[in-house]
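# Understanding the architecture of this molecule
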Amino acid sequence: MTVLIAILVVGLISLAFGALLGFASVKFKVEGDPLAEQIDAILPQTQCGQCGYPGCKPYADAVANGEAINKCAPGGDDTIKKIADLMGVEPIAMDEAHETDNTPKVAFIIEEDCIGCTKCIQACPVDAIIGTTKQMHTIIADECTGCDLCVAPCPVDCIEMRPIPQTTRNWQWDLANIPVTQID
Amino acid sequence: MTDYLLLLIGTVLVNNFVLVKFLGLCPFMGVSSKVETAIGMSFATTFVMTLASLLSYLVDTYLLEPLSLQYLTTMTFILVIAVVVQFTEMVVHKTSANLYRSLGIFLPLITSNCAVLGVALLNTYEKHNFLESIIYGFSAALGFSLVLVMFSAMREKLANADVPKPFKGSAIAMITAGLMSLAFMGFTGLVKL
C-alpha cells in the first residue's frame, strides 16, 4: 500500500512539474536564433561561399551552433575577433584552408577572350557581371566584392583577379595601427 | 530577525559552501576563468538555489512528511532541482542569448551542482522552517557567488602574472583556491549558531 502511495505521489509531482515545464517552453519560446543574427551582422555579406556554406546567413547559423569561427576569408582576422568577442571565446588564427591574402581585389574579364557563355554570370552572387549569350561580358567594378567565385566556372580562363591599386581616393589612414610607445 | 541575519552571515562567510563545506567545486573551477561569465553563473545559480530550496521545502513538508515518505527525499529533490534548472535555462535563453552561449554546458550542469542538492538536504536535516529555508538557500548561493566572482577576478589577474612555469594554468588556480579556503577558515567563530 505504502509503495503505491509513494508511486502515486512521485508520479503526481512529476506530472505537475512536466506541466509547468510545458507551459514555460511555450511561454519562453525563442523565435529564431538571436545569436545567429548578430553573427550575420558582423560577417562581410560577400555571400562568397569560401567558408563552405552557401552564404553568410547559413555560415552564421552554423557558427551559432558551434562551427569554427575562423572560416570567413573576406572578413579576415578583424571579423574573427568581433565574432570571438560576441561569443565570449578566444580569437583564433584564420583557418589555413581559408587563408587568403586580403588585399582588396576585383575580378576583371579579358574581353577579347570572352566567348559569351554566361557561366560567370550565374556564379556571381552579387550580380556584378553584365552580358548575354554570345556577347562579351564585363564586370561592374564597383559592385564586385572580389569573392573570386566567377574565376573557376570560366571555360576559357578569361577572368582574373586584379588588386585594386591604391589611389588618393581609396587611401585609408590606419591611425589605430601606428605603434605609439612611451619613451622613458 | 537577528537569527535570520546571523544565519545569512554564517552561511555566506563562516560555513561557506565552496570553501568550507567543499560543495559545488565543479563550477567553481570550471566557470571562473572570466569575471563576466562568473557573474552570469552566479545569478543563474542564485536563482536556482533559492527557488530549489523553497520548492523542496514545500514538497518535503506538505507531501513527503505527512505520508512518511522521507526515504524519497533525495530522489524528489533531484527532480525538483532538475525542473528548476530547466526552467532557468529557458528563461536565460529567452532573455540573454550571449549569457546562454557563454555559460554553455555549465547551465544544465547546475543540476549536478552538489551545492544545490546540499542546500535542499541540509534544510531538512537541520529542520529549518519556511523562511529559514529560503534564507539558507539564498545565502548559500550568495556565498557561492561571492567566492566565484572573487576567484575569477584573481584568475584574470593571474593570467597576466609572471607565474613560474611549473605552476602555470590549473596548478596556480588550485593553489589560489586552497589559499582562499585557508583565508575563509579565519571566519570560524565569527558567528555562533
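Residues numbered from 1 in each chain as written. Chains lettered and ligands numbered in written order. Predicted model: local features only at pLDDT ≥ 70, side-chain atom pairs only at ≥ 80, totals over all residues. Heavy atoms only, no water.

An unreviewed UniProt entry lists chain A under the name Ion-translocating oxidoreductase complex subunit B, with Thalassotalea marina given as the organism. Database annotation for chain A, UniProt heading Sequence similarities (unreviewed entry): "Belongs to the 4Fe4S bacterial-type ferredoxin family. RnfB subfamily." Its UniProt record gives chain A the following Function (unreviewed entry) comment, quoted word for word: "Part of a membrane-bound complex that couples electron transfer with translocation of ions across the membrane." (UniProt positions renumbered as here; feature names shortened; annotations may be inferred.)

## Examining the side chain of Ser32(B)
All names here are of chain B. Its place among the elements puts Ser32 in the loop between helix 2 (25–30) and helix 3 (35–64). The buried category is assigned to Ser32, whose relative accessible area is 0%. Looking at Ser32, its side chain comes within polar contact range of the main-chain oxygen of Phe28, at 2.8 Å. Polar side-chain contacts of Ser32 include one of 3.4 Å to the backbone oxygen of Met29. When neighbours within four sequence positions are excluded, Ser32 is seen to be in contact with Pro27, Leu148, Phe151, Ser152 and Arg155. (Helix = DSSP H or I, 4+ residues; strand = E, 2+ residues; numbered from the N terminus. Buried < 20%, exposed > 50% of the residue type's maximum accessible area, 1.4 Å probe, protein only. Polar contact = N/O pair within 3.5 Å; in protein donor to acceptor, adjacent residues only side chain to side chain. Contact = heavy atoms within 4.5 Å.)

## Concerning helix 6 (residues 114–125) of chain B
Residues and elements named next belong to chain B. With 12 residues, helix 6 ought to run about 16 Å at 1.5 Å a step, and its terminal C-alpha atoms sit 16 Å apart, in line with that. Along helix 6, the residues that are buried comprise Ala115, Val116, Gly118, Val119, Ala120, Leu121, Asn123 and Thr124. Capping the start of helix 6, Asn113 holds a side-chain oxygen 3.0 Å from the backbone nitrogen of Ala115, two or three residues further along. (Expected span 1.5 Å × (residues − 1).)

## A short note on the interface of chain A and chain B
Each side of the interface is counted separately: chain A has 24 residues, and chain B has 21 residues. Buried area between chain A and chain B, summed over both chains or domains, comes out near 2,000 Å², and the portion from carbon and sulfur atoms is 78%. Sorting the residues of chain A by area buried against chain B places Phe17(A), Leu21(A) and Phe28(A) first, and these three jointly supply 28% of that buried surface. In this structure, the connection of chain A to chain B is made through zero salt bridges. Seen at the junction of chain A and chain B, the total is zero residue pairs in polar contact (both at pLDDT 80 or more). Elements that contribute at least two residues to the side of chain A that touches chain B include exactly helix 1 (2–27), helix 2 (34–42) and helix 4 (76–87) of chain A. Here the side of chain A that touches chain B gets 12 residues from one element, more than from any other, and that element is helix 1 of chain A. Residues belonging to the side of chain A that touches chain B are distributed by class as follows: 17 nonpolar, five polar and two charged. (Buried area = accessible area lost by both parts, 1.4 Å probe. Salt bridge = Lys/Arg side-chain N within 4 Å of Asp/Glu carboxyl O. Nonpolar A, V, L, I, M, F, W, Y, C, P; charged D, E, K, R; others polar.)

## Some thoughts on the packing of aromatic side chains
Using the criterion set out here, one finds six aromatic pairs over all chains in the structure. Each ring, one from Phe28(A) and one from Phe87(B), has its centre 5.9 Å from the other, and the planes form 85°; the classification is edge-to-face. Remark: Phe87(B) occurs in helix 4 (residues 73–95) and Phe28(A) occurs in the loop between helix 1 and helix 2; the pair is interchain, linking two chains. Judged by relative accessible area, which is 24%, Phe28(A) ranks as partly exposed. Geometrically, the ring pair formed by Tyr57(B) and Phe130(B) is tilted, given 5.6 Å between the ring centres and 50° between the ring planes. (Phe/Tyr/Trp six-rings, centres within 6.5 Å; stacked < 30°, edge-to-face > 60°.)

## Concerning the pattern of salt bridges
Residue and element names in this part refer to chain A. Applying the stated criterion across every chain yields a total of four salt bridges over all chains. Taking the shortest distance from any N to any O, the salt bridge between Arg162 and Glu160 comes out at 2.6 Å. Classification of Arg162 as partly exposed rests on a relative accessible area of 36%. Judged by its relative accessible area of 31%, Glu160 falls in the partly exposed class.

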